Amino acid sequence: MCGSWPHSTLRPAVTPARTTPPVWPYFPYPPDVIGYRIAPEVMARERPDALIIHCDPGAASGWLRLLEGHGYGDVPTVLYAPIEGAPILPDYADAFRRATEGYTLTAWSARALAAEHDVDVGYVYHGVDRAVFHPRNRDALRASLGWTGRFVVLYVARNAARKGIDRLLKAAAHARRQIPNLLVHIHAKPYDDHQLGGWDLEGLAHWCGVSDIVEFADITNAAQGVGVLSLARLYAAADLYVSTSEVEGFGLPLAEALASGLPIVLPADGGNQEEVVGDAATGRIAVTDWGTNFNGAQMAHVDPRLVAATIAQLYRALNVSLKDISSDERDTMQALARHVEQARARGLERAKVFNWNHMARTIADAAERVATGPRVVRLPRQRETMAAVAQPDGAA
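Every value quoted in this text rests on a predicted model; they were computed, and no experiment measured them.

## Quick notes on the overall build of the protein
Then comes step 1: Counting its secondary structure elements, the protein contains 13 helices and 12 strands.
Then comes step 2: The buried share of the protein, reckoned over its 396 residues, is 52%.
Then comes step 3: Considering only contacts within the protein whose residues lie at least 6 apart along the sequence, 72% involve residues at least 24 apart.
Then comes step 4: By element, 53% of the accessible surface of the protein is carried by carbon and sulfur atoms, the whole surface being about 18,100 Å².

Listed below in structure tokens is the structure:
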């Protein structure tokens, strides 16, 4: 069984034949996926009063250097970029310094930039369209999805190493022993040429012995996933949302799950994920180890056995009749069931904080502000000392 790792029980993965050529596994992007080559031409043609840059800070740093190298260093810029964990690369912090005005996606990220690099930025959350993501008639949805009679765990994530999908598959191998009707639905493209360090998830599920209880979304474009209305149905129909992500710059699926009234289990990483969910988490899984991302940021690792135990406990609280459990356990299960409902209610309130109109207005106002201010060529500022590295709580 996957998770106990006896080599005698390993199942040979049945991997479909691939017709696509091999690619560099972590960032196999086309040469100009973020517009570096056409940027000078576009800047010369459009002559913008201000430029909004919304991408990761590494790409933003390249953008700003490119603009400066082509004589556009005086064009005011607003940078809106995520920070995915700490410590933060100096190059990432420098992108925020070079921008005329900078915003990140969470308060945790803004504090980390200030603590590590003495960079002051604002923050503004992403949004959730609550007209789309909201509680629905679960029975009808579940019947249409073929989920009737199943206990469905949902995870929405791209097939990338930092999303920790492998840990959820291993957790499913343990949890199925206690949950006879378990179904794990993973909204991810099961094979994506190993982009971003991802896996052949169907092969991994087979190796873990969970192919019969795991299903993947029908995704052709990994960056887009299924349509938004189809995705909203999944949130509304599932029983539990479980994140095993190792690090997030925000965690939009968490906000969507909150708005859908779905109980959430996530790593207790002390970072962006916990900030997004706030006090609406149904369960927090202790981080047992910290890995290191390609950029040096610390990655929260959770033990699949702890994930499985949390899922199983919530299953019992939500599905097992009180008459079928001992009197000693009855009070605990009743208290846990109440906790789930209270967390669900807090989640619906928490979701109201995430407003796309507020985000758009904040960034648009910033663009208007810098466009009408004095034009100053921004150059990198020399740093005499490096502030102490700020890590997520518990990182070592």
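So that's the structure; there's more coming.
## Digging into the environment of Trp108
Then comes step 1: Within the element layout of this structure, Trp108 appears in helix 4 (residues 107-117).
Then comes step 2: Accessibility expressed as a relative area gives 10% for Trp108, which makes it buried.
Then comes step 3: Through-space distance from the C-alpha of Trp108 to that of Gly249 is 9.8 Å; in sequence the pair is 141 residues apart.
Then comes step 4: In terms of polar contacts, Trp108 uses its side chain to reach the backbone carbonyl oxygen of Gly270, at 3.3 Å.

## Let's talk about the confidence of the model for the protein
Then comes step 1: Of the residues in the protein, 83% have a pLDDT of 70 or more, and the chain-wide mean is 85.
Then comes step 2: Here residues 3-29 is modelled with pLDDT under 50, and outside its nearest four sequence neighbours on either side it reaches 38 contacts, counting other chains as well.
Then comes step 3: Between residues 378-396, whose pLDDT stays under 50, and residues either more than four places distant or in other chains, the model counts 43 contacts.

## Concerning the side chain of Glu116
Then comes step 1: On the secondary structure map, Glu116 appears in helix 4.
Then comes step 2: We classify Glu116 as buried; its relative accessible area is 2%.
Then comes step 3: A distance of 2.8 Å separates the side chain of Glu116 from the backbone nitrogen of Ile88, its partner in a polar contact.

## Brief notes about the packing of helix 6 (residues 165-175) against helix 7 (residues 201-208)
Then comes step 1: It is the contact of helix 6 with helix 7, at a shortest axis distance of 9 Å, that shows an interaxial angle of 30 degrees. As far as their axial angle goes, helix 7 and helix 6 are roughly parallel. Handedness of the helix 6/helix 7 crossing: right-handed. Within the contact between the two elements, helix 6 uses Ile165, Asp166, Leu169, Lys170 and Ala173 and helix 7 uses Leu201, Leu204, Ala205 and Cys208.

## Thoughts on helix 4
Then comes step 1: The element helix 4 is extensively covered by neighbouring structure, given that 8 of its 11 residues are classed as buried.
Then comes step 2: Burial in helix 4 covers these residues: Ala107, Trp108, Ser109, Ala110, Ala112, Leu113, Glu116 and His117.
Then comes step 3: Of the surrounding elements, those touching the buried residues of helix 4 are helix 3 (90-98), strand 3 (101-104), strand 4 (122-123) and helix 10 (272-277).

## Observations concerning unusual backbone geometry
Then comes step 1: Residues Ala86 and Pro87 are joined by a peptide bond in cis, for which omega reads 5 degrees.
Then comes step 2: Within the secondary structure, Pro87 sits in the loop between strand 2 (77-80) and helix 3.
Then comes step 3: Backbone geometry at Arg47 places phi at a positive 45 degrees, although glycine is not the residue there.
Then comes step 4: With respect to the element layout, Arg47 can be found in the loop between helix 1 (39-46) and strand 1 (51-53).
Then comes step 5: Despite not being glycine, Asp118 has its phi angle at roughly 55 degrees, a positive value.
Then comes step 6: Here Asp118 shows up in the loop between helix 4 and strand 4.
Then comes step 7: Among the residues examined, Asp118 registers a relative accessible area of 53% and is labelled exposed.

## Some thoughts on the nonpolar core
Then comes step 1: Counting residues in hydrophobic clusters, the biggest one holds 86 residues, and the most contacted among them are Leu169, Ile186, Val210, Tyr235, Tyr241 and Ile311.
Then comes step 2: Each residue touching Ile186, except ones within four places of it in the same chain, is listed here: Tyr155, Ile165, Leu168, Leu169, Val214, Glu215, Phe216 and Ala217.
Then comes step 3: Among the nonpolar cores identified, the runner-up in size contains 29 residues, and Leu51, Ile53, Ala59 and Leu66 belong to it.

Scoring rules and cut-offs
- Residues numbered from 1 in each chain as written.
- Predicted model: local features only at pLDDT ≥ 70, side-chain atom pairs only at ≥ 80, totals over all residues.
- Heavy atoms only, no water.
- Helix = DSSP H or I, 4+ residues; strand = E, 2+ residues; numbered from the N terminus.
- Buried < 20%, exposed > 50% of the residue type's maximum accessible area, 1.4 Å probe, protein only.
- Contact = heavy atoms within 4.5 Å.
- Areas by Shrake-Rupley, 256 points an atom, 1.4 Å probe, with all protein chains shown as cover.
- Polar contact = N/O pair within 3.5 Å; in protein donor to acceptor, adjacent residues only side chain to side chain.
- pLDDT = per-residue confidence, 0-100.
- Axes fitted to C-alpha atoms, helices over the stretch in contact; angles between N-to-C directions.
- Parallel < 35°, antiparallel > 145°, perpendicular 65-115°, else oblique.
- Left-handed = near helix turned anticlockwise from the far one by under 90°.
- Core = buried A, V, L, I, M, F, W, Y, C linked by side-chain atoms within 4.5 Å.

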